[in-house]
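# Fold and geometry: a report
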Amino acid sequence: MARDLKLEVVLHALDRASRPFKAIAGSGVGLARTLRDTRGELKGLQAQQKDIASFRSLKGASEQTASALQANRDTLRQLSASWPATSAPSPRCRPATTPSAPNPTPWPTSTRP
């Protein structure tokens, strides 16, 4: 009986001494899982950052296109306003108005959507 008690005391002491090591080993598994999850979230954030950079690039290109379109519309408006003020066709337009040339098609009048 004394021997059993001694064995129980030794096993209890061994259990108490090894408990921190078991906790460390168990937390290492949890830490690895958390690290894997964090890496996955980081990949997701990097993909979102790339999407945002692409969006900003496309937005800048769209703004440049819009300003170029507006400049072309302004030029067209100025040319349309000055067209009736011309009395005679320019030398480049004369061959198109000769009797042997076919009648040129008129420009469309409603171009605005």
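Look a little higher up for the structure.
Residues numbered from 1 in each chain as written. Predicted model: local features only at pLDDT ≥ 70, side-chain atom pairs only at ≥ 80, totals over all residues. Heavy atoms only, no water.

## What to know about the overall build of the chain
Note the cut-off: Only DSSP runs of H or I covering at least 4 residues are called helices, and only runs of E covering at least 2 are called strands; the numbering of each starts at the N terminus. Each residue is placed in one exposure class: buried if its accessible area under a 1.4 Å probe, protein chains only, is under 20% of its type's maximum, exposed if it is over 50%, and partly exposed if it falls in between. Note on areas: Shrake-Rupley, 1.4 Å probe, and residue coverage restricted to the protein chains presented here.
Counting its regular elements, the chain contains one helix and zero strands. With 113 residues in all, the chain has 0% of them scored as buried. Counting only carbon and sulfur atoms, one obtains 63% of the accessible surface of the chain, whose full area is about 11000 Å².

## Details of the pattern of salt bridges
Oppositely charged side chains are able to pair whenever their charged atoms sit close together. How we decide: Every case where a carboxyl oxygen of Asp or Glu lies within 4 Å of a side-chain nitrogen of Lys or Arg is listed as a salt bridge.
Scanning all chains against the criterion turns up two salt bridges. The salt bridge partner of Asp15 is Arg19, with a shortest N-O separation of 3.0 Å. Of this pair, Asp15 and Arg19 are both found in helix α1 (residues 2-82), four residues apart, which corresponds to roughly one turn of the helix. By relative accessible area, Arg19 is classed as partly exposed at 46%. A salt bridge links Arg77 to Asp74, with the nearest nitrogen and oxygen atoms 3.1 Å apart. Linking Arg77 with Asp74, this pair stays in helix α1, spanning three residues, or about one helical turn. The exposure class of Arg77 is partly exposed, given its relative accessible area of 43%. Classification of Asp74 by relative accessible area gives partly exposed; the value is 32%.

## Focus on α1
To be explicit about the condition: For a helix, the expected span equals 1.5 Å multiplied by the residue count minus one. Across the chain, bend at a residue is computed as the angle between axes fitted to the seven residues ending at that point and the seven starting from it.
For α1, with 81 residues, the first-to-last C-alpha span of 119 Å sits near the 120 Å given by 1.5 Å per residue. Maximal helix bending in α1 amounts to about 35°, located at Ser18; proline Pro20 follows within four positions.

## Overview of a nonpolar patch on the surface
Our working definition: Grouping into patches uses exposed residues only, defined as over 30% relative accessible area, and leaves out salt-bridged ones; the cut-off is 9 Å for like charges and 5 Å for nonpolar side chains (Val, Leu, Ile, Met, Phe, Trp, Tyr).
A contiguous nonpolar patch, built from Leu7, Leu11 and Leu14 and spanning about 310 Å² of accessible area, is present on the exposed surface. Structurally, Leu11 can be placed in helix α1.

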